[in-house]
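Here are the chains, one letter per residue:
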Amino acid sequence: MRLKVNGEEREVAAGLTVAELLRQLGIESRYLALERNRQVVPRQDYATTVLEEGDELEIIRFVGGG
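Residues numbered from 1 in each chain as written. Predicted model: local features only at pLDDT ≥ 70, side-chain atom pairs only at ≥ 80, totals over all residues. Heavy atoms only, no water.

1. Focus: unusual backbone geometry
Phi angles above zero are rare outside glycine, and Asn-37 is one such case at about 50 degrees. For Asn-37, the position within the fold is in the loop between β3 (32-36) and β4 (39-40). On the basis of relative accessible area, Asn-37 is assigned to the partly exposed category, the value being 37%. Despite not being glycine, Arg-38 has its phi angle at roughly 70 degrees, a positive value. (Helix = DSSP H or I, 4+ residues; strand = E, 2+ residues; numbered from the N terminus. Buried < 20%, exposed > 50% of the residue type's maximum accessible area, 1.4 Å probe, protein only.)

Set out below in structure tokens:
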């Protein structure tokens, strides 16, 4: 299945959830916001949101600094 993640095409297994994709990418979900097809996905829904062919995801990581 093909997705676009932060503007980059990716091939992933069908039936993958947001949480599983983040694990595969090695991204900690604690400090990020995720948008799927221009809709924010609440963190509590990551494990139940199943990705579909052609989904476009934007992953925004929060970085602290001063």
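2. With respect to helix α1 (residues 18-25)
For α1, the set of buried residues is Val-18, Ala-19, Leu-21 and Leu-22. The arc enclosing the buried residues of α1, seen along the axis, measures out at 160 degrees, which places them on a common side. Exposed side of α1, more than 90 degrees from the buried face: Arg-23 and Gln-24 are the residues found there. In the segment just after α1, Gly-26 is the residue with positive phi, at about 70 degrees. (Arc of directions from axis to C-beta.)

3. Structural notes on a nonpolar patch on the surface
A cluster of nonpolar side chains, namely Tyr-31, Ile-60 and Phe-62, defines an oily patch on the protein surface of about 350 Å² accessible area. Tracing the sequence through the fold places Tyr-31 in the loop between α1 and β3. (Patch = residues over 30% accessible without salt bridge, like charges linked within 9 Å, V, L, I, M, F, W, Y side chains within 5 Å. Areas by Shrake-Rupley, 256 points an atom, 1.4 Å probe, with all protein chains shown as cover. Salt bridge = Lys/Arg side-chain N within 4 Å of Asp/Glu carboxyl O.)

4. Let's talk about the sheet that holds β3
Here we have five strands laid out as an open sheet, ordered β2-β1-β5-β3-β4, and mixed in their pairing. Where the open sheet ends on each side, the last strands, each with one partner, are β2 (8-11) and β4. As judged from the two bridges shared by β3 and β4, these two strands associate in the antiparallel manner. Paired with Arg-36 across the bridge in β4 is Gln-39. (Pairing = 2+ DSSP bridges.)

5. Let's talk about the side chain of Thr-17
Tracing the backbone shows Thr-17 in the loop between β2 and α1. For Thr-17, a relative accessible area of 10% gives the class buried. Excluding residues that lie within four positions of it along the chain, Thr-17 makes contacts with Tyr-46, Ala-47, Thr-49, Val-50 and Leu-51. (Contact = heavy atoms within 4.5 Å.)

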